[in-house]
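Close look at the chain arrangement
In case you want the letters, here they are:
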Amino acid sequence: MTQAAAIDRTAESLLAFWAEAGVDAMLLDTPIDKIEAGKFVAPKPPEKTPLLVAAPRPGAPDVARAVETARHLAAEAQDLEALKAAIAAFDGCPLKFEGARQSVFGRGAANAPLLVIGEGPGPEEDASGEPFVGRPGQLLDRMLGAAGLTDRVFITNTVFWRPPGNRTPSPQEQAICAPFLERAIELISPKMLLVLGAPAAKAMLKRDEGILSLRGRWFEWRSEGGNLELPAMPTLHPAFLLRQPGAKKKAWSDLLTLTERLDRPDRGA
Ligand code: URA
């Protein structure tokens, strides 16, 4: 074996070791400016000064401006394909530049009566470009199927790029993506929303209670402009259900309550 091949093999084996240990992102939330760090002259010992200095985040996002741009682009999209393309071309969300491979918009029926909203893409979604395709997504599909909802849903998220290391998306990132989500709601025109997990519930319903207190209850979702209103039910996130299988009966009961209302002709609460 050549020396180069041996180095490749060592590097592959080390990466496989880290992947196995759950390290699947190589980004820090705070960037380290290596150029500045390189210029740094370490003082003489015994002073304990770090050799690497974290630079302030270069140009923290101008959230108001990004939201404005997102709103403008979203309004121009006349169908879901155009909206998907607008999201992919949008550079205003910092998540796009924090290691995500591609944007992840949605899947399902374009005229679905039920819109399912999760938190944000994970590694499988980042790789495939489709939301909820990993283990939580497979569980979600089984639950929707058992409730007779398979062809009656559109599934999306509060943010459209994978947060590094699977962290929770920040309220700013959710706010920047919100105009696209609102436009999706406008275009699909669902009868109701199913909101998965606390971060999505907080973003959609502006409520701070824990998901265990919010789940299974009806809330009124209102668009930013106030022109759209829809009944929305938060429930437990399928990733949580995989960790806590004992909670599945609660999520199932929520789904049955929601389906019952969806199928009721008057759809009143
Ligand atoms: N979890 C989410 O909230 N959304 C996905 O798309 C996948 C996992």
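These notes cover the structure that comes with them. Since we're looking at a predicted model, the values are computed, not measured.

When helices and strands are tallied, the protein shows 11 helices and six strands. Sequence-distant contacts in the protein: of pairs separated by 6 or more residues, those separated by 24 or more amount to 71%. When the accessible surface of the protein is summed, it comes to about 14800 Å², and 56% of that surface belongs to carbon and sulfur atoms.

Within the structure shown, the criterion is met by three aromatic pairs. Look at Phe105 and Phe154: their rings are 5.7 Å apart centre to centre, the planes differ by 50°, and that puts the pair in the tilted class. Residue Phe105 is located in the loop between α4 (80-89) and β1 (107-108), and its partner Phe154 is located in strand β3 (residues 153-157); the two are separated by 49 residues in the primary sequence. A ring pair is formed by Phe105 and Phe160, whose centres lie 6.0 Å apart and whose planes are at 65°; its orientation type is edge-to-face. Of the two residues, Phe105 sits in the loop between α4 and β1 while Phe160 sits in the loop between β3 and α7 (171-188), which places them 55 residues apart along the sequence. Across this residue pair, the class does not change: Phe105 and Phe160 are buried. Taken together through their ring pairs, the aromatic side chains of Phe105, Phe154 and Phe160 make up a single cluster.

Look at α7 against helix α8 (residues 198-205): their axes get within 11 Å of each other, and the N-to-C directions meet at 75°. In terms of axis orientation, α7 runs roughly perpendicular to α8. Touching Gln174, Leu181 and Ile185 of α7 are Pro199, Ala200, Ala203 and Met204, all from α8. Here the contact of α7 with α8 is composed, by residue class, of six nonpolar, one polar and no charged.

A few words on the side chain of Arg215. Within the secondary structure layout, Arg215 lies in the loop between α9 (211-214) and β5 (219-222). Exposure remark for Arg215: the relative accessible area of 18% places this residue in the buried category. Once residues lying within four places of it in the same chain are set aside, the contact partners of Arg215 are Pro234, Thr235, Leu236, Lys250, Ser253 and Asp254.

Every residue close to the ligand is listed here: Gly118, Glu119, Gly120, Pro121, Glu125, Pro131, Phe132, Asn157 and His237. One nitrogen or oxygen atom from the side chain of Asn157 is found 2.8 Å from a nitrogen atom belonging to the ligand. A distance of 2.8 Å is found between an oxygen atom of the ligand and a side-chain nitrogen or oxygen belonging to His237. The fraction of the free accessible surface of the ligand (240 Å²) that becomes covered by protein chains is 92%. Residues belonging to the shell around the ligand are distributed by class as follows: three nonpolar, four polar and two charged.

On to helix α6 (residues 135-146), then. The end-to-end C-alpha separation of α6 is 17 Å, in line with the 16 Å expected for 12 residues at 1.5 Å each. Inspection of α6 places Gly137, Leu139, Leu140, Met143 and Leu144 among the buried residues, and these make up the whole buried set. Take α6 and look down its axis: the buried residues cluster within an arc of 160°, on one side only. For α6, the exposed residues lying more than 90 degrees away from the buried face are Arg135, Arg142 and Ala146. Among the residues trailing α6, Gly148 stands out with phi positive, at a value near 75°.

Take the packing of α4 against α7 next. Running from amino to carboxyl end, α4 crosses α7 at an angle of 175°, the nearest separation of the two axes being 10 Å. With respect to each other, α4 and α7 are oriented roughly antiparallel. Here Leu80, Leu83, Ala86 and Ile87 of α4 lie close against α7, whose contacting residues are Phe180, Arg183, Ala184, Leu187 and Ile188. Split by residue class, the contact of α4 with α7 holds eight nonpolar, no polar and one charged.

Taken in spatial order, the six strands make up an open sheet running β1-β3-β2-β4-β6-β5, and their pairing is mixed. With partners counted over all chains shown, the strands left at the sheet margins are β1 and β5, one partner each. Two elements, strand β2 (residues 114-118) and strand β4 (residues 192-196), share four bridges in a ladder whose sense is parallel. Bridge pairing in β4 places Leu115 opposite Leu193.

Calculation rules
- Residues numbered from 1 in each chain as written.
- Predicted model: local features only at pLDDT ≥ 70, side-chain atom pairs only at ≥ 80, totals over all residues.
- Heavy atoms only, no water.
- Helix = DSSP H or I, 4+ residues; strand = E, 2+ residues; numbered from the N terminus.
- Contact = heavy atoms within 4.5 Å.
- Areas by Shrake-Rupley, 256 points an atom, 1.4 Å probe, with all protein chains shown as cover.
- Phe/Tyr/Trp six-rings, centres within 6.5 Å; stacked < 30°, edge-to-face > 60°.
- Buried < 20%, exposed > 50% of the residue type's maximum accessible area, 1.4 Å probe, protein only.
- Axes fitted to C-alpha atoms, helices over the stretch in contact; angles between N-to-C directions.
- Parallel < 35°, antiparallel > 145°, perpendicular 65-115°, else oblique.
- Nonpolar A, V, L, I, M, F, W, Y, C, P; charged D, E, K, R; others polar.
- Near = heavy atom within 4 Å.
- Polar contact = N/O pair within 3.5 Å; in protein donor to acceptor, adjacent residues only side chain to side chain.
- Expected span 1.5 Å × (residues − 1).
- Arc of directions from axis to C-beta.
- Pairing = 2+ DSSP bridges.

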